[in-house]
Amino acid sequence: MKNNTHKPLYLLPFDHRLSYVTGMFNFKPPLNPIQRDEVADSKQLIYEGFQQALADGVPAAAAALLVDEEFGAAILRDAVKHGFTAALSVEKSGSDEFEFEYGEDFARHIEEFNPTFAKILVRYNPEDDAAMKQRQTDRIRRLSDYCRRTERLFMFELLVPATPIQMESVGLDKNAYDEELRPELMARAIRALQNDGIEPDVWKIEGLDRRTDCQEIASTVQRGGRDHACCIILGRGANEAKVSGWLKTAAGVPGFIGFAVGRTSFWDAVADYRAKKATRHEACARIAKRYTEWVDIFEQAHSAQPRP
């Protein structure tokens, strides 16, 4: 199973929950049944776009989707039934500190759906509070050990939000933080997590502008004989030009096997469908087209690189 992580992985993530419910729908949790159905239906629309992209030629062996149990249980079951590569998010949404969505019951929920990957999103800065880092690490290690023991693939989305001191050091310039500080902090975070016994198969990495930074991250992920581990690059909800640049940069770096681009793929199409500015068929086609464009960009950039 581990060897499968080196094949291309083109992930369409739509496991967004709290930010999606509040940002797209202006709903305030807890949701009533009608609101829940509306959110779930919008995710079904995204899934239809994913399937349309496969019908239009995206290679099924490389295509993958990421969705949550709360609004996507039916999608997960259908995806697994059809043999699609599927990832299930198991972290609690909207929490600054990593916790399991279903607490001590996390394993049963993974086993119920039997996804290709168990995925978590973690906010981890090496200069965060030590006690919080330790709490997070202890929980994450349980999932890492569980996945290894049960031969399940483990996907880790690493976000490195700036500390107030770090932001002050770059004059509160977020772009400067992303370019000057975040790459090194990401590498430090990965090393610290690995040293604490956390061993993902796929690391989801926030977009990087420089090839050298991608190379450093890939070598960190694969250090110490971790040859099976690899990376995919995130879209971070950025605009089309920014996402395209990140994909092109990462595509030529050994160890980066694909991408995870969610909001930039589906947000506008879903919003227009909700506002009745697009039919369901039109919105589905737009999601499929955008996802297909990311695949084309990544594959063309990868093919353009000289082979060793």
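You'll find the structure just up there.
Sequence positions are assigned chain by chain, starting from 1 and proceeding in written order. Per-residue local features of the predicted model are confined to residues with pLDDT of at least 70, and side-chain atom pairs are confined, for both listing and counting, to 80 or more; whole-chain, interface and lining totals are unaffected and use all residues. The basis for the side-chain values is all heavy atoms of the structure; hydrogens and waters are excluded.

*Asks:* Can you explain the pattern of salt bridges? Please cite residues and give values.
*Replies:* Put simply, a salt bridge is a Lys or Arg side-chain nitrogen that is within 4 Å of an Asp or Glu carboxyl oxygen. Evaluation of the coordinates by the stated rule reveals 31 salt bridges. Between Glu240 and Arg290 there is a salt bridge, and its shortest N-O distance comes to 3.2 Å. Placement of the pair is Glu240 in helix H9 (residues 240-251) and Arg290 in helix H11 (residues 280-304), with a sequence separation of 50 residues. Counted as one network, the salt bridges with shared partners bring together Asp15, Arg17, Glu91, Glu101, Lys119, Glu157 and Lys204. Numbering of helices and strands runs from the N terminus; a helix is a DSSP stretch of H or I covering at least four residues, while a strand is a stretch of E covering at least two.

*Asks:* Give me the lowdown on the sheet that holds strand S8 (residues 256-260), citing residues and values where you can.
*Replies:* In sheet architecture, strand pairing relies on hydrogen bonds along the backbone and comes in two forms, parallel and antiparallel. Each pair of strands is called paired provided DSSP finds at least two bridges between the two strands. With parallel pairing, 8 strands are arranged side by side around a closed barrel as S1-S2-S3-S4-S5-S6-S7-S8. On average, each strand axis in the sheet is inclined to that of its neighbour by 25°, with strand direction left out of account. Examined bridge by bridge, strand S3 (residues 85-89) and strand S4 (residues 117-123) share 3 bridges and lie parallel to one another. Looking across to S4, one finds that Leu88 is bridged to Ala118. Throughout, a contact is declared for two residues whenever any of their heavy atoms are within 4.5 Å. Structural elements are reduced to axes, namely lines fitted to C-alpha atoms, with helices fitted over the stretch in contact, and the angle between N-to-C directions of any two is expressed from 0 to 180 degrees. Sheet strands touched by helix H5 (residues 130-150): S4 and strand S5 (153-159). Its angle to S4, the strand with the most contacts, is close to 165°.

*Asks:* Could you give me a rundown of the environment of Ser42, with the residues and numbers involved?
*Replies:* Within the element layout of this structure, Ser42 appears in helix H2 (residues 33-55). Whether a residue is buried, partly exposed or exposed follows from its accessible area with a 1.4 Å probe, protein chains only, as a fraction of its type maximum: under 20%, in between, or over 50%, in that order. You can call Ser42 buried: its relative accessible area is 3%. The sequence separation of Ser42 and Phe266 amounts to 224 residues, and the corresponding C-alpha distance is 9.9 Å. Those residues within four positions of Ser42 in sequence are excluded, and the remaining contacts are Tyr20, Phe25 and Val270. Within polar-contact distance, the side chain of Ser42 engages the side chain of Tyr20 at 2.7 Å. Any pair of N or O atoms that falls within 3.5 Å is considered a polar contact. Within protein, one atom must be able to donate a hydrogen and the other to accept it, and sequence-neighbouring residues count only if both atoms are side-chain atoms.

*Asks:* I'd like to hear about unusual backbone geometry, residue by residue, with values.
*Replies:* Each neighbour pair has its own omega, and for Pro29 with Pro30 the value is 0°, a cis peptide bond. Mapped onto the elements of the fold, Pro30 is located in the loop between helix H1 (18-25) and H2. A positive phi angle is found at Glu151, which is not glycine, with a value near 60°. Structurally, the position occupied by Glu151 is in the loop between H5 and S5. Relative accessible area serves as the criterion here: at 59%, Glu151 is assigned to the exposed category. Within the chain, Leu172 stands out as a residue other than glycine whose phi angle is a positive 60°. A relative accessible area of 62% places Leu172 in the exposed class.

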